[in-house]
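Structure at a glance
If you want the building blocks of each chain, they are given just below.
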Amino acid sequence: MNAIEVRKISKSYGKLKAVNEVSLEVQEGELFGLIGPDGAGKTTLFRLLATLIAPDSGSASLAGYDIVKEYHAIRSCVGYMPGRFSLYPDLTVEENLNFFAALFNVTVEESYDLVAPIYKQIEPFRERRAGKLSGGMKQKLALSCALIHRPKVLFLDEPTTGVDAVSRKEFWDMLQRLKEKGITILVSTPYMDEASRCDRIALCNEGRILGIDTPTGIVNGFRSPLYGIKAKNMFALLEEARKARGVEDCYPFGESHHLVADSEFNLDNFKKDFDGFEGFFIEPVEPTIEDMFIKLMKQ
Amino acid sequence: MRTFSVLIRKEFLQLKRNPFMPKLIIMFPIMIMLIMPLIMTMDVRNVNVAVVDLDNSTASRRIASHIDASEYLSLAAVTAEYSEAMNALEEGDADIIVQIPSDFERETAIGGNKRISITANAVNATKGGLGMQYLVQTIARALAEIKGERSPAGITELVTVKNSYNPTLNYRHYMIPALMIMLFILVCGFLPALSIVGEKENGSIEQINVTPLSRFTFTLSKLVPYWLIGMFVLTVAMTVAWLVYGLAPAGSVGLIYFGAALFILVISGFSLMIANFSDTLQQTMFVMFFFIMMFMLMSGLLTPVDSMPDWAQKITYFLPPRYFIDILRSVYLKGTTLADMWQNFTALGVFAAIFNVLATVTYKKQK
C-alpha cells in the first residue's frame, strides 16, 4: 500500500491555481522530496494533505484514509511541520513538547525513543522559551513536536529554509534516521542540492508537477550534451552564445554559464568562433537537477 | 480531561508570561472603580445664577439669599440691569438669569400676577435643565416662606418627594453597577478574542488544527480562563465599591455572582465568535469596538432605556448587557431576589447558549 496517494488534486485561490491537477504516489518508508521555487504550490499541497484546507477537486489518501471523509483519522497519524515556526514562543521547550503530547493524548515517555536523537540536542535548553531559540534549534523543537505521537507520515514544509549549512546537513541526517524507522517523509525544499538526499523527487512549478523520478533518474533524463563556458566578459559571452549555431539554451549557472547543445552543435567550430573572447574556456559538465529543472520549465 | 487541563494551564502560563496582561487585569478594575465614579456624575452642582433685581424689596432679597444658600446654586451677581446679567451669561460667568420684576413684592401681597422670568443657557442641556429645576424649587421655597410668615396658619408643603432605594439620589450608586458591566465587556469581551487571533497570527492555531483535539474542547479552553478572570474582576470591583464608596449590595451577593457568571459567558462567547471570523488583530478590535459602543450606549448603562425612542427600545432586547444592568442595579440598590428577576436570568442564559454554540460551530479546523 502507498503511504500517500494523490489523484488529480486541485486548489485555487481566486484565479490563481495554486495546485493544478497534481498526482503522485509515495511508498511507505520513502523519503520523498518536492523540489521547486517559491510559489510552486508546495505549501498548498502540504496544507491539503494535512487536512487544513479542502481540495476543489481530486482526491488524496494518507495511510489509506481519505483526506476529506476521514480527516479525523488522519490527524492522529500525520505529523506536520509548517514552514513558519508556529509553536508557542512564550512557552519553554519542554512545555511545548508536553503540550503537543497532551493534545495527541500521548506522553513524552511513550515516544521518547523516537524523539530522543533530535530532542537531546536541545534538551540543555529545555527551560528556555521557544521564541528565544536560534533558527536551527527551533527546527529541532518543531520536528520533535511533530514526531511526538509517532506519526506514520511526516510532512516537512521547507524545513531548512533560513538554516545554516551545517544545521541543514544535520537535519537531513536526522531525516535519514527517521526514514530508517519506517516513517514516510514528504519534504519540500527550494534548494536543488538537497534533492539528492531524497529517495525520489518531484519537480514542481506553478502548481504542476514537471517530473517525478529518483534524483539519478531525473539527471539521466537530461540527454543533451552540456558544457560550462567562461570568459572575462560573462555578459557579452552569454549574449553571443545564445545566438550561436547549435545552442539550444544558455544560462548563468554559478561561476560559469551552462550551455545546452543540440545535434547541430560542433565543439571545434564553437571554440574557433569564441576565441576572440578574453579568457574563453569551455568544458563538458555533468548535468544537475537544476539543469533538468530549467529544461523542464522551458518546455 | 488531561488534554483540557493542559490547555487551561497553557492559557494561564501564556497570560502570566505576558509582560503586560496580568498587571492590566489587576489595575484595570481598580483604576476604573476608583476614578470613574468620581467624575461620571450627572448631579449638577455650582450652577451660577445672576439675579436681575428690579424690585429691590425684602422678598427679592430673600429669593437671592435662598439661591446663595442652595447646595446646587451659587449666586454669581445681583444687578439692576438685565443687559449686565446677559453679558455675564455670554461671558460664561452665569448659567441662568432670574429677573424679578419691579413691584413684585407688592403685587404678590395683593394677589396680583407679576411673574419672575428665568433665562437659562441651554448649551449644556443637562446643566440648563437640571439647574432650572433646582432654581424653580428654590424660588418656590423662598416664596412659601414669605407667604408663611404673612399668614399665621404656617407653611403648607405642597409637594413632598421621597426617593426610594437610593434615598440621597446618589448618582454614583447608580453608575457603579454600570461601571462593573463595562469592565466585564472590556476584559471578557476583548481577551478571549485577542487570544484566538493571537494564535492565528503566530501560526500556532495551525499546529492545533492538525491535532485530533475537538473544537468543542478548544473553544471551552478559551472560555474558562476568562470566565475565572471575570469573576476575579467582579470581586475586585465589588470590594472597591464597598470600601471606597460604602456601596454594598442590598440583595444577595450570590445572585450577583450568578448573574455575572452568565453574563461573562455571553460576552466571551460573543468575543470568540468575532475572533473566528477575523484573521488579524486590527479586524477583531475594530469589529469588537463597534459592538461595544452599541452595548455601552444602548443597553441603559448610561441613559435609561425608557427614554429611548420606541424603535431603539426594541433593539435593546437583543443586547445582552440590558438584562444584566437590570439585574445588577436591582440587586445592588433594591435587594431584588431571583424570583423577581428570573426573566432576565433566563434571557442571559439563552444568549450564553446561543453565542457559545455559534462560537464552537464557526470555529473551523479545516477551511
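Every value quoted in this text rests on a predicted model; they were computed, and no experiment measured them. (Residues numbered from 1 in each chain as written. Chains lettered and ligands numbered in written order. Predicted model: local features only at pLDDT ≥ 70, side-chain atom pairs only at ≥ 80, totals over all residues. Heavy atoms only, no water.)

**Considering the overall build of chain B**
Each helix and strand counted, chain B has 14 helices and 4 strands in total. Computed over C-alpha atoms, the radius of gyration of chain B comes to 28 Å, more than 25% over the 21 Å expected from 2.2 N^0.38 for 367 residues, which places it beyond the range of a compact globule. Across its three principal axes, chain B shows a C-alpha extent of roughly 95 × 45 × 40 Å. Among the 367 residues that make up chain B, the fraction classed as buried is 48%. Looking at chain B alone, contacts between residues at least 24 apart form 78% of all its contacts between residues at least 6 apart. In chain B, 28 side chains carry a positive charge and 26 a negative one; their mean positions are 17 Å apart. (Helix = DSSP H or I, 4+ residues; strand = E, 2+ residues; numbered from the N terminus. Rg over C-alpha atoms; globule rule 2.2 N^0.38 Å. Buried < 20%, exposed > 50% of the residue type's maximum accessible area, 1.4 Å probe, protein only. Contact = heavy atoms within 4.5 Å. Lys, Arg positive; Asp, Glu negative; His and termini not counted. Charge placed at Lys NZ, Arg CZ, Asp CG, Glu CD.)

**Comments concerning the domain arrangement of chain A**
Quoted interface sizes are often the accessible area lost when the parts come together. Residue and element names in this part refer to chain A. One can read the domain layout of chain A as domain 1 (2-219) and domain 2 (226-298). Between the C-alpha centres of domain 1 and domain 2 there is a distance of 38 Å. The interface of domain 1 with domain 2 comprises 14 residues on the first partner and 8 residues on the second. Around 890 Å² of area is buried between domain 1 and domain 2 when both sides are counted, 86% of it from carbon and sulfur atoms. Ranking the residues of domain 1 by area buried against domain 2 places Met-192, Leu-210 and Val-219 at the top, with a combined share of 56%. (Domains from an automatic or database assignment. Buried area = accessible area lost by both parts, 1.4 Å probe.)

**Topic: the interface of chain B and chain A**
At the junction of the two partners, chain B supplies 24 residues and chain A supplies 33 residues. Roughly 2700 Å² of surface becomes buried between chain B and chain A when both sides are summed, with 55% attributable to carbon and sulfur atoms. Our count for the chain B to chain A interface comes out at 2 salt bridges. Between Glu-206 of chain B and Arg-47 of chain A there is a salt bridge, and its shortest N-O distance comes to 2.6 Å. For the pair chain B and chain A, the interface holds 11 residue pairs in polar contact (both at pLDDT 80 or more). Broken down by secondary-structure element, the contributors of at least two residues to the side of chain B that touches chain A are α1 (2-17), α7 (171-202) and α8 (204-209) of chain B. By residue number, the principal contributor to the side of chain B that touches chain A is α1 of chain B, which donates 8 residues. (Salt bridge = Lys/Arg side-chain N within 4 Å of Asp/Glu carboxyl O. Polar contact = N/O pair within 3.5 Å; in protein donor to acceptor, adjacent residues only side chain to side chain.)

**Points about a nonpolar patch on the surface**
All names here are of chain B. Where nonpolar side chains cluster on the molecular surface, the patch consists of Ile-26, Met-27, Met-31, Leu-34, Ile-35, Leu-38, Ile-39, Phe-232, Trp-242, Leu-243 and Val-244 and spans about 1100 Å² of accessible area. Of all the elements in the fold, those that place two or more residues in the nonpolar patch are α2 (21-39) and α9 (215-245). Considering every element that reaches the nonpolar patch, the biggest residue donor is α2, with 7 residues. Checked against the element boundaries, Leu-34 lands in helix α2. Judged by its relative accessible area of 34%, Leu-34 is partly exposed. (Patch = residues over 30% accessible without salt bridge, like charges linked within 9 Å, V, L, I, M, F, W, Y side chains within 5 Å. Areas by Shrake-Rupley, 256 points an atom, 1.4 Å probe, with all protein chains shown as cover.)

**Examining the domain arrangement of chain B**
The domain boundaries assigned to chain B delineate domain 1 (2-40 + 169-361) and domain 2 (47-150). The centre of domain 1 of chain B, based on its C-alpha atoms, is set 48 Å off from the matching centre of domain 2 of chain B.

**Digging into the sheet that holds strand β14 (residues 281-284) of chain A**
All names here are of chain A. Taken together, 4 strands build an open sheet; the order of strands is β12-β13-β11-β14 and the sheet is antiparallel. Strands at the two margins of the open sheet, each flanked by one partner only, are β12 (247-253) and β14. When the angles between neighbouring strand axes are averaged without regard to direction, this sheet yields 25 degrees. Both strand β11 (residues 226-230) and strand β13 (residues 256-261) contribute to a ladder of 4 bridges, which runs antiparallel. By the bridge assignment for β13, Tyr-227 is matched with Leu-259. The sheet strands contacting helix α8 (residues 234-243) are β11, β12 and β13, and the helix crosses β12 at an angle near 160 degrees. In the packing of helix α10 (residues 289-298) onto the sheet, contacts are made with β11, β12 and β13, and the angle to β12 comes to roughly 130 degrees. (Pairing = 2+ DSSP bridges. Axes fitted to C-alpha atoms, helices over the stretch in contact; angles between N-to-C directions.)

**Quick look at the pattern of salt bridges**
This model, assessed by the stated rule, comprises 24 salt bridges over all chains. Residue Asp-249 of chain A is joined to Lys-298 of chain A by a salt bridge in which the shortest nitrogen-to-oxygen separation is 3.0 Å. With Asp-249 of chain A in strand β12 and Lys-298 of chain A in helix α10, this residue pair connects regions lying 49 residues apart in the sequence. Taking the relative accessible area as the measure of exposure, Asp-249 of chain A reaches 16% and is therefore buried. Among the ionic contacts, a cluster of salt bridges with common partners joins Lys-10, Glu-11, Glu-199 and Lys-222 of chain B.

**Here we look at the pairing of strand β4 (residues 57-62) of chain A**
Residues and elements named next belong to chain A. As judged from the 5 bridges shared by strand β1 (residues 2-13) and β4, these two strands associate in the antiparallel manner. Along β4, the bridge assignment pairs Ile-4 with Leu-62. Across 2 bridges, the pairing between β4 and strand β5 (residues 65-66) is antiparallel. For Leu-62, the partnering residue across the bridge sits in β5 and is Tyr-65.

**Observations regarding the sheet that holds strand β1 (residues 47-53) of chain B**
Residue and element names in this part refer to chain B. An order of β2-β1-β3-β4 is seen for the 4 strands of this open sheet, with the pairing classed as mixed. With one partner strand each, in any of the chains shown, β2 (73-79) and β4 (117-120) form the two edges of the open sheet. Looking at each pair of strands side by side, their axes are set apart by 20 degrees on average, direction ignored. Summarising the sheet, strand β3 (residues 96-100) and β4 pair through 4 bridges and their orientation is antiparallel. Following the sheet pairing, Val-98 is matched in β4 by Ile-118. Across the sheet, helix α3 (residues 58-69) lies against β1, β2 and β3, angled at about 145 degrees from β2, the strand it touches most.

**Section: the confidence of the model for chain B**
Per-residue pLDDT for chain B has a mean of 87; in total, 94% of the residues score no lower than 70. Interface confidence for the predicted complex, expressed as ipTM, amounts to 0.83; the pTM equals 0.80. (pLDDT = per-residue confidence, 0-100.)

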